[in-house]
Amino acid sequence: MGHSLGGLLARAYLEENSPPNLGHVVAIGSPAKGTPIVDRYRGRWWFDLLGPMANSLGTDQGSFAATLGKPTYPLGVIAGSRQRDNDDLLPGEDDGLVTVKSTRVDGMTDFLKVNAGHADLRYSEDVARQTALFLRTGKFAQPALTLSQQGRLPPGRHGQRQ
């Protein structure tokens, strides 16, 4: 499993390598189709300080994400979504850095959207439980609200299948 760039790096590794007994893989908040934030700020001196990898995460055809093919293994994708008035930077639902639409991977096995910002995805109990479930079974819980209704999740951290 990997968060953000880590999910893309895991997919890139798995395109070149076939570990025995791989099992299931989860990408959490990974910009599978890049992020418009890079498109907007690429080339500015301060953005260049982030290095070539950050600059390669745009939405253009030459981006790192665009070089990745369809997964040949069970891949679950978790996207974060939170209410923000930032459509000028990120059109549609997003986690503050990556749009929900951009996290979707052609050929993915399952998809889950949770109420969390990009960095918060790493600390969400819902994300942790859903990741563990997918790694064991190859599916996310449906509906994720069931976990909350059982009192096992803090209020406001409800996943939604789409």
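Our structure's up above, just so we're on the same page.
Definitions and cut-offs
- Residues numbered from 1 in each chain as written.
- Predicted model: local features only at pLDDT ≥ 70, side-chain atom pairs only at ≥ 80, totals over all residues.
- Heavy atoms only, no water.
- Helix = DSSP H or I, 4+ residues; strand = E, 2+ residues; numbered from the N terminus.
- Buried < 20%, exposed > 50% of the residue type's maximum accessible area, 1.4 Å probe, protein only.
- Contact = heavy atoms within 4.5 Å.
- Phe/Tyr/Trp six-rings, centres within 6.5 Å; stacked < 30°, edge-to-face > 60°.
- Salt bridge = Lys/Arg side-chain N within 4 Å of Asp/Glu carboxyl O.
- Lys, Arg positive; Asp, Glu negative; His and termini not counted.
- Expected span 1.5 Å × (residues − 1).
- Arc of directions from axis to C-beta.
- Pairing = 2+ DSSP bridges.
- Right-handed = clockwise from strand over helix to strand, strands pointing away.
- Patch = residues over 30% accessible without salt bridge, like charges linked within 9 Å, V, L, I, M, F, W, Y side chains within 5 Å.
- Areas by Shrake-Rupley, 256 points an atom, 1.4 Å probe, with all protein chains shown as cover.

Caption draft 1: Structural detail: the environment of arginine 40. Within the secondary structure layout, arginine 40 lies in helix α2 (residues 36-41). Using a relative accessible area of 41% as the deciding quantity, one classes arginine 40 as partly exposed. With 18 residues separating them in the primary sequence, arginine 40 and glycine 58 have C-alpha atoms 8.8 Å apart. Each residue touching arginine 40, except ones within four places of it in the same chain, is listed here: Asp88 and Leu89.

Caption draft 2: The packing of aromatic side chains, seen in detail. By the definition in use, this model includes 3 aromatic pairs. With 5.2 Å between their ring centres and 50° between their planes, tyrosine 41 and tryptophan 46 make a pair best called tilted. Classification of tyrosine 41 as buried rests on a relative accessible area of 18%. The class for tryptophan 46 is partly exposed, based on a relative accessible area of 37%. For the pair tryptophan 46 and phenylalanine 47, a centre-to-centre distance of 6.0 Å together with 85° between the ring planes defines the contact as edge-to-face.

Caption draft 3: Just the pattern of salt bridges, in detail. Counting across every chain of the model gives 4 salt bridges. Residue aspartate 60 pairs with arginine 42 through a salt bridge whose shortest N-O separation is 3.2 Å. Taken as a pair, aspartate 60 in the loop between α4 (52-55) and β3 (75-81) and arginine 42 in the loop between α2 and α3 (45-48) lie far apart in primary sequence, 18 residues in all. Owing to a relative accessible area of 32%, aspartate 60 belongs among the partly exposed residues under this scheme. In this structure arginine 42 comes out as partly exposed when scored by relative accessible area, which is 34%. In this structure, glutamate 93 engages lysine 113 in a salt bridge whose closest nitrogen and oxygen atoms are separated by 2.8 Å. On the criterion of sequence distance, the pair formed by glutamate 93 in the loop between β3 and α5 (100-103) and lysine 113 in strand β4 (residues 110-115) is long-range, its members being 20 residues apart.

Caption draft 4: Geometry of the side chain of arginine 11. Take arginine 11: it is sitting in helix α1 (residues 5-16). Although buried, arginine 11 forms no salt bridge, and the nearest oppositely charged side chain, glutamate 15, lies 5.0 Å from it.

Caption draft 5: Representation of helix α6 (residues 125-137). Counted at 1.5 Å a residue, the expected span for α6 with its 13 residues is 18 Å, and the 18 Å between its end C-alpha atoms agrees. Buried residues of α6: Asp126, Val127, Gln130, Thr131 and Phe134, and no others. Buried residues of α6 fall within an arc of 125° about the axis and therefore sit on the same side. Positioned one or two residues after α6, glycine 138 has a phi angle of 85°, which is positive.

Caption draft 6: Representation of the pairing of strand β2 (residues 25-28). Side chains Val25 and Ala27 of β2 all project onto a buried face; the interleaved residues Val26 and Ile28 project onto the opposite face, where all are buried too. As defined by bridge partners, strand β1 (residues 2-3) adjoins β2 across 2 bridges and the pair is classed as parallel. Paired with histidine 3 across the strands is isoleucine 28, a residue of β2. What joins β1 to β2 is α1, and the crossover it makes is right-handed. In this structure, β2 lies alongside β3, joined through 4 bridges in parallel fashion. Residue alanine 27 lies in a different strand from β3, and its bridge partner there is valine 77.

Caption draft 7: Seen up close, a nonpolar patch on the surface. On the surface, a nonpolar cluster with roughly 420 Å² of combined accessible area is contributed by Trp45, Trp46 and Leu49. Within the fold, tryptophan 45 resides in helix α3. You can call tryptophan 45 exposed: its relative accessible area is 65%.

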